[in-house]
Amino acid sequence: MAGAVDRPTYLSKEESFMYDREVNFPMEDTMNDARIEYTENGMTNLSSRRCQIIKISKSSAVLTMPTQFKLPQNFYLDIPSARINMIGCLVKRVHANNIVEARFLRLISDRDLNRIFVYSTHPNHRNRVLDIYG
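Residues numbered from 1 in each chain as written. Predicted model: local features only at pLDDT ≥ 70, side-chain atom pairs only at ≥ 80, totals over all residues. Heavy atoms only, no water.

1. So, the overall build of the chain
Then step 1. Assigned secondary structure in the chain consists of two helices and six strands.
Then step 2. In the chain, the succession of helices and strands from N to C terminus is α-β-β-β-β-β-β-α.
Then step 3. By residue count, 37% of the 134 residues in the chain fall in the buried class.
Then step 4. Of the contacts formed within the chain by residues at least 6 apart in sequence, a portion of 54% connects residues at least 24 apart.
Then step 5. Element-wise, carbon and sulfur atoms account for 50% of the exposed surface of the chain, whose accessible area totals about 9200 Å². (Helix = DSSP H or I, 4+ residues; strand = E, 2+ residues; numbered from the N terminus. Buried < 20%, exposed > 50% of the residue type's maximum accessible area, 1.4 Å probe, protein only. Contact = heavy atoms within 4.5 Å. Areas by Shrake-Rupley, 256 points an atom, 1.4 Å probe, with all protein chains shown as cover.)

Structure (structure tokens):
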């Protein structure tokens, strides 16, 4: 193939690139306390840090936390108030003002998303109630 230009192909990118190609669901403001858990230096024990979720969708979240430590590229997100544990996440972007954009490894169900909004302290979700029958 003379004259062919070597362009980066989809398969030569990082695995996280496929999450950037997926449909982005609309983000909704929220205010939930959360915790990230990750392994340090390849060790088997999990370390955790507190954070706050300020925006969330079915496929991603925006977190606020001090980012002066070495933030891992992948971690688990726990939302204790909504009783949602270990959502796998990949870091998309870290901003200088302590804001982290993360992409979920699986979509959050509508039921879990509603549960997050019920336990949110954001004024937009003040009248949300938990559907115990659904």
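2. Details of the pattern of salt bridges
Then step 1. For the coordinates displayed, the defined rule picks out six salt bridges.
Then step 2. Notably, a salt bridge pairs R93 with E101, separated by 3.3 Å at the nearest N-O pair.
Then step 3. On the accessibility criterion, R93 (44% relative accessible area) is partly exposed.
Then step 4. Between D112 and R115 there is a salt bridge whose closest N-O contact spans 3.1 Å. Of this pair, D112 and R115 both sit in helix α2 (residues 110–118), three residues apart, which is roughly one turn of the helix.
Then step 5. Overall, D112 belongs to the buried group, its relative accessible area being 17%.
Then step 6. Look at R115 and you get buried, because its relative accessible area is 18%.
Then step 7. Here the residues in one salt-bridge network are R35, E37 and D78, joined through shared partners. (Salt bridge = Lys/Arg side-chain N within 4 Å of Asp/Glu carboxyl O.)

3. Details of unusual backbone geometry
Then step 1. In the Ramachandran plot, R83 falls in the positive-phi region, its phi being about 55° despite a non-glycine side chain.
Then step 2. Locating R83 in the fold gives a position in the loop between β4 (74–79) and β5 (84–94).
Then step 3. For R83, a relative accessible area of 66% gives the class exposed.
Then step 4. Of note, N98 is a non-glycine position whose phi angle comes to about 65°, a positive value.
Then step 5. Secondary-structure assignment places N98 in the loop between β5 and β6 (99–104).

4. Notes on α2
Helical geometry: 3.6 residues make up each α-helical turn, so side chains three or four residues apart lie on a common side.
Then step 1. Residues of α2 that are buried include every one of D112, L113, R115, I116, F117 and V118, and no others.
Then step 2. On its buried face, α2 is in contact with β1 (28–39), β2 (46–56), β4 and β5.

5. Considering the environment of E101
Then step 1. Note on placement: E101 falls in strand β6.
Then step 2. On the basis of relative accessibility, which here comes to 18%, the residue E101 falls in the buried class.
Then step 3. Sequence-wise, E101 and V91 are ten residues apart; in three dimensions their C-alpha atoms are separated by 6.2 Å.
Then step 4. The residues contacting E101, other than those within four sequence positions of it, are A61, V62, L90, V91, K92, R93 and H95.
Then step 5. Among the polar contacts listed, one links the side chain of E101 to the side chain of H95, at a separation of 2.7 Å. (Polar contact = N/O pair within 3.5 Å; in protein donor to acceptor, adjacent residues only side chain to side chain.)

6. Observations regarding the pairing of β4
Then step 1. With three bridges connecting them, β1 and β4 associate as antiparallel partners. Each bridged residue has a counterpart across the sheet, and for R35 the counterpart in β4 is D78.
Then step 2. Sheet topology note: the β4/β5 ladder contains five bridges and is antiparallel. Within β5, the residue paired with I79 across the bridge is I84. (Pairing = 2+ DSSP bridges.)

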